[in-house]
Amino acid sequence: MGKVLFINGSPHREGCTYTALAEVEQVLHRHGIETEMLWLGKEPVPGCIDCRSCHGTGRCIYGEKQHDRVNAVLEELDGIDAIVVGSPVYYAAASGQVTSFLNRLFFAAGGRMAGKLGAAVVSCRRGGAASAFDQLNKYFTISNMPVVSSQYWNQVHGNTPEEVRRDAEGMQMMRTLGENLAWLLHSIEAGRAAGVPAPAYEPRVSTNFIR
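Definitions and cut-offs
- Each residue is numbered by its place in its chain's sequence as written, counting from 1.
- Whole-chain, interface and lining totals are the exception, using all residues; otherwise, since this is a predicted model, local features are given only for residues with pLDDT of at least 70 and side-chain atom pairs are given and counted only at 80 or more.
- Water and hydrogen atoms play no part in the side-chain values, which are based on all heavy atoms of the structure.
- Here, a salt bridge means any Lys or Arg side-chain nitrogen found within 4 Å of an Asp or Glu carboxyl oxygen.
- Here's how the labels work: a residue is buried when its accessible area is under 20% of the maximum for its type, exposed when over 50%, partly exposed in between, all with a 1.4 Å probe on protein chains only.
- Numbering of helices and strands runs from the N terminus; a helix is a DSSP stretch of H or I covering at least four residues, while a strand is a stretch of E covering at least two.
- Positive charge is attributed to Lys and Arg, negative charge to Asp and Glu, and no charge count is given to His or to the chain ends.
- We call two residues contacting when some pair of their heavy atoms lies within 4.5 Å.
- Two kinds of site are reported from a 1 Å grid over the protein atoms alone, namely cavities, where a 1.4 Å probe fits but cannot get out, and pockets, open sets with protein on both sides within 12 Å along at least five of seven lines, and residues are called lining when an atom falls within 4 Å of a point.
- Grid points are joined across faces, edges and corners, and a volume is the space filled by probe spheres set on the points.
- Residue polarity follows a fixed list, in which Ala, Val, Leu, Ile, Met, Phe, Trp, Tyr, Cys and Pro are nonpolar, Asp, Glu, Lys and Arg are charged, and the others, Gly among them, are polar.
- Side-chain rings of Phe, Tyr and Trp (the six-membered ring for Trp) are treated as a pair once their centres are within 6.5 Å; stacked means planes under 30 degrees apart, edge-to-face means over 60, and tilted covers the remaining angles.
- Strand pairing is assigned whenever DSSP detects at least two bridges linking the two strands.
- Each axis is a line fitted through C-alpha atoms, taken for helices only over the stretch in contact, and angles between the N-to-C directions span 0 to 180 degrees.

### Some remarks on the pattern of salt bridges
- Counted according to the given criterion, the structure contains eight salt bridges.
- The partner of Arg-52 in a salt bridge is Asp-50, and the shortest N-O contact between them spans 2.9 Å.
- Looking at Asp-50, the relative accessible area reads 42%, which means it is partly exposed.

### A closer look at the side chain of Glu-25
- For Glu-25, the location among the structural elements is in helix α1 (residues 16-30).
- In this structure, Glu-25 is buried with no salt-bridge partner, the nearest side chain bearing the opposite charge being Lys-3 at 10 Å.
- Those residues within four positions of Glu-25 in sequence are excluded, and the remaining contacts are Phe-6, Thr-35 and Met-37.

### Section: empty space enclosed by the protein
- Overall, the coordinates contain one cavity of 30 Å³ or more when judged by the stated rule.
- Residue lining of the largest cavity: 13 residues in total, with Cys-48, Cys-51, Cys-54, Cys-60 and Arg-104 positioned closest to the centre.
- Sort the elements by how many residues they give to the lining of the largest cavity and helix α4 (residues 96-109) lands first, with three residues.
- Class assignment for the residues of the lining of the largest cavity results in nine nonpolar, one polar and three charged.

### Notes on the layout of surface pockets
- Counted as a void, the largest pocket has a volume near 400 Å³.
- Taken together, 14 residues line the largest pocket, and the ones lying closest to its centre are Gly-110, Gly-111, Ile-142, Ser-143 and Arg-204.
- Broken down by element, the lining of the largest pocket gets its largest block of residues, four residues, from α4.
- For the lining of the largest pocket, the per-class residue count stands at seven nonpolar, five polar and two charged.
- Its volume calculated, the second largest pocket comes out at about 260 Å³.
- Taken together, Ala-114, Gly-115, Asn-144, Pro-146, Ile-188, Gly-191, Arg-192, Val-196, Pro-197, Ala-198, Pro-199 and Tyr-201 make up the lining of the second largest pocket.
- Within the lining of the second largest pocket, the residues separate by chemical class into eight nonpolar, three polar and one charged.

### Brief notes about the packing of aromatic side chains
- For the structure on display, the rule yields three aromatic pairs.
- On the basis of an interplanar angle of 55° and a centroid distance of 6.4 Å, the ring pair of Phe-106 and Phe-140 is categorised as tilted. Linking Phe-106 in helix α4 with Phe-140 in helix α5 (residues 129-141), this pair joins segments that are 34 residues apart in sequence.
- Exposure remark for Phe-106: the relative accessible area of 10% places this residue in the buried category.
- Considering the side-chain rings of Tyr-152 and Trp-153, the 5.0 Å spacing of their centres and the 55° angle between planes classify their relative orientation as tilted.
- Taking the relative accessible area as the measure of exposure, Tyr-152 reaches 42% and is therefore partly exposed.
- When its relative accessible area of 48% is taken as the criterion, Trp-153 is described as partly exposed.
- Clustering of aromatic rings is evident, with ring pairs tying together Phe-106, Tyr-139 and Phe-140.

### Some details on the sheet that holds strand β4 (residues 117-124)
- Strand order in the open sheet formed by five strands is β2-β1-β3-β4-β5, and the pairing between neighbours is parallel. Looking along the sheet, the strands with just one partner apiece sit at the ends: β2 (34-39) and β5 (155-157). The sheet shows a mean angle of 15° between the axes of neighbouring strands, direction not considered.
- With seven bridges joining them, strand β3 (residues 80-88) and β4 adopt parallel strand pairing. Each bridged residue has a counterpart across the sheet, and for Gly-86 the counterpart in β4 is Val-121.
- Running over the sheet, α1 touches β1 (3-8), β2, β3, β4 and β5 and is turned about 170° from β1.

### Describing the side chain of Asn-8
- Here Asn-8 lies in strand β1.
- The exposure class of Asn-8 is buried, given its relative accessible area of 0%.

Geometric descriptors of this kind do not, in isolation, establish any biological role.
Shown next, in the form of structure tokens:
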């Protein structure tokens, strides 16, 4: 088994989003699963410019010009079995940093995301969580990634980490998410050991609506 990559898309390194992700991570550690927590930081993250150079190289062109974490993740992608993306809710959407990061990561990765588990976690003060949660899940559902759920939509509420920790239902949702992640990772590992093959996909068909 590889590991679970947590992507913290908040500008606050150990803020509300981190508090939620860390609760999931603790459950995985109890099940003996390796994790990595990637914080995107406070600096602007360049967005995808649709240059498509990654289609030939498997790398994002921005990473060749400046310090950038997209290529670092791409380099270790084969050893990652699941990706958990966390973001604060800004205007009912995910943060700009995590949106730009995921746009480039998933575009450059192409079919390499298939079969990895995906889960989204959002942190908000009061509202907008459902739409941000939906936005993040779309990266997984366009990439042949099984989406891991919890007992409710994966969200926590609070203005500070202390308030998030007092969100009893939210914290329980994070622990349940961790249990579901661990169970699915171990189940997939057992399936591989038993000789269950990965899905065989047809050649990709791509169409548009211009006739």
